[in-house]
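# Remarks on the overall topology
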Amino acid sequence: KVIDARYVGFMVHRGIEKLGEGMKYDQVPFLAERICGICGLVHSSSYCQAVENALNIDVPERALFIRSIILEIERIHSHLLWVGVALHLLGYDTGFMHSWRIREKVMILAELLTGSRKTYGINIVGGVRRDIDSDKIGKALDVLKYVEKEFKQLVDISISVPQVNARLKGTGILPLGEAIALSLVGPTARGSGLDRDVRRDYPYAAYRYVSFKVPTYSEGDNLARTLVRVDEVFESVNMLYQLLDKVPSGSISVESWEPEPYKLGIGAVEAPRGEVIHVILTGSYSPYRWRVRAPTYQNLPAIPIMLRNADLADAPLTIASIDPCFSCTDRA
């Protein structure tokens, strides 16, 4: 049994925020994507939104749609990666390999749309650097149909495996009251019944133009957090169908904009792990101050609660159930 646990972190000083303060505004998004190796676009999007908010930059609608499309592709790839790792930790490596097989198609799609399988590098302040044409939209729709069909089969089989279900159900319990008290975010919060999602509550990019559900479960165990992510994959596919169908014509970035010093801006994006926040205080040529809060920082205090009196064998999956990113958390 696990008697108690505590997190000992912040041993790595990457100095990313300070480094960004010496870079030009449109160079920082490429650095911001390196905050996290799995979901970097959420950081460059949040940074750009913060600058755009501070300087009242009106981003073209086509650019907003492209941001949302790539953000949802990133969410699918992140959740498929997590499902595979979770099944691996449970000893079900067949499910792990199939999850990553499906994810590979998503990575290829990301490369088609952005030029890169990861660290896409498409965000700039005031828009995006790459456009999406009708041919790419058609190929994206084919991949989405494939992912929807294959992932449904995988989930139906893997979740029903008795050993998998028994290890997920009733383990790593996090009550709703604790989730509220700690102000948790993302699937960790939604798995305990805390219904919050920045895409719906504070719409950004093109999310105001699509309809979607925010999956929540009240059980607060590892199975609930798994099912939240499973449901979110299907919701992301549904959102992408809507976004790809509604992409408006027009420019993909503003023609020009001028920095104005000492303006405060905030950007908030719903990452696969939960809410990402970037705060910017502008300077004349580069950010005067840049502050980032990643979702793992917010969710880590929940792990000792989940682990207390748990079987040691369930500890790896329980820790993984918040999808921790120590790179994000030890960033500063």
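The paragraphs below set out a description of the structure included in this document. For clarity, every value in this text was computed on a predicted model and none was experimentally measured.

## Focus on the sheet that holds strand E3 (residues 264–271)
Overall, antiparallel pairing links the three strands, which are arranged E3-E4-E5 in an open sheet. Of all the strands in the sheet, the pair left with one neighbour each is E3 and strand E5 (289–293). Each strand axis lies, on average, 15 degrees off the axis of its neighbour in the sheet, ignoring direction. As judged from the eight bridges shared by E3 and strand E4 (residues 274–281), these two strands associate in the antiparallel manner.

## Side note on unusual backbone geometry
One non-glycine residue, Ser-183, lies in positive phi territory at about 55 degrees. Among the structural elements, Ser-183 can be located in the loop between helix H8 (176–181) and helix H9 (186–190). Positive phi, close to 65 degrees, is recorded for Asn-309, a residue that is not glycine. Inspection of the secondary structure assignment puts Asn-309 in the loop between helix H13 (302–307) and helix H14 (315–320).

## Points about the environment of His-79
Take His-79: it is sitting in helix H4 (residues 61–89). Measuring from C-alpha to C-alpha, the distance between His-79 and Val-228 comes to 9.9 Å, with 149 residues separating the pair along the chain. The residues contacting His-79, other than those within four sequence positions of it, are Pro-187, Arg-229, Glu-232, Val-233 and Pro-272.

## Brief notes about the packing of helix H6 (residues 134–158) against helix H11 (residues 222–246)
Look at H6 against H11: their axes get within 10 Å of each other, and the N-to-C directions meet at 160 degrees. By the angle class used here, H6 and H11 are roughly antiparallel. The crossing of H6 and H11 is left-handed. Along its contact with H6, which presents Ile-137, Ala-140, Leu-141, Leu-144, Lys-145, Glu-148, Phe-151, Lys-152 and Val-155, the element H11 presents Val-230, Val-233, Phe-234, Val-237, Leu-240, Tyr-241 and Leu-244. Considered class by class, the residues forming the contact of H6 with H11 number 13 nonpolar, no polar and three charged.

## Considering the pattern of salt bridges
One pass over the full model with this rule turns up 27 salt bridges. Residue Glu-150 is joined to Arg-101 by a salt bridge in which the shortest nitrogen-to-oxygen separation is 3.0 Å. One end of the pair, Glu-150, is in helix H6; the other, Arg-101, is in helix H5 (residues 93–114), with 49 residues separating them in the sequence. For Glu-150, a relative accessible area of 14% corresponds to the buried category.

## Description of H11
The end-to-end C-alpha separation of H11 is 36 Å, in line with the 36 Å expected for 25 residues at 1.5 Å each. Most of H11 is tucked away, with 19 of its 25 residues classed as buried.

## Some points on helix H3 (residues 41–55)
Between the first and last C-alpha of H3 there are 21 Å, a value that for 15 residues agrees with the 21 Å anticipated at 1.5 Å per step. With 14 of its 15 residues buried, H3 lies for the most part within the structure. Asn-56 occupies a position one or two residues after H3 and carries a positive phi of about 55 degrees.

Criteria and cut-off values
Residues numbered from 1 in each chain as written. Predicted model: local features only at pLDDT ≥ 70, side-chain atom pairs only at ≥ 80, totals over all residues. Heavy atoms only, no water. Pairing = 2+ DSSP bridges. Helix = DSSP H or I, 4+ residues; strand = E, 2+ residues; numbered from the N terminus. Axes fitted to C-alpha atoms, helices over the stretch in contact; angles between N-to-C directions. Contact = heavy atoms within 4.5 Å. Parallel < 35°, antiparallel > 145°, perpendicular 65-115°, else oblique. Left-handed = near helix turned anticlockwise from the far one by under 90°. Nonpolar A, V, L, I, M, F, W, Y, C, P; charged D, E, K, R; others polar. Salt bridge = Lys/Arg side-chain N within 4 Å of Asp/Glu carboxyl O. Buried < 20%, exposed > 50% of the residue type's maximum accessible area, 1.4 Å probe, protein only. Expected span 1.5 Å × (residues − 1).

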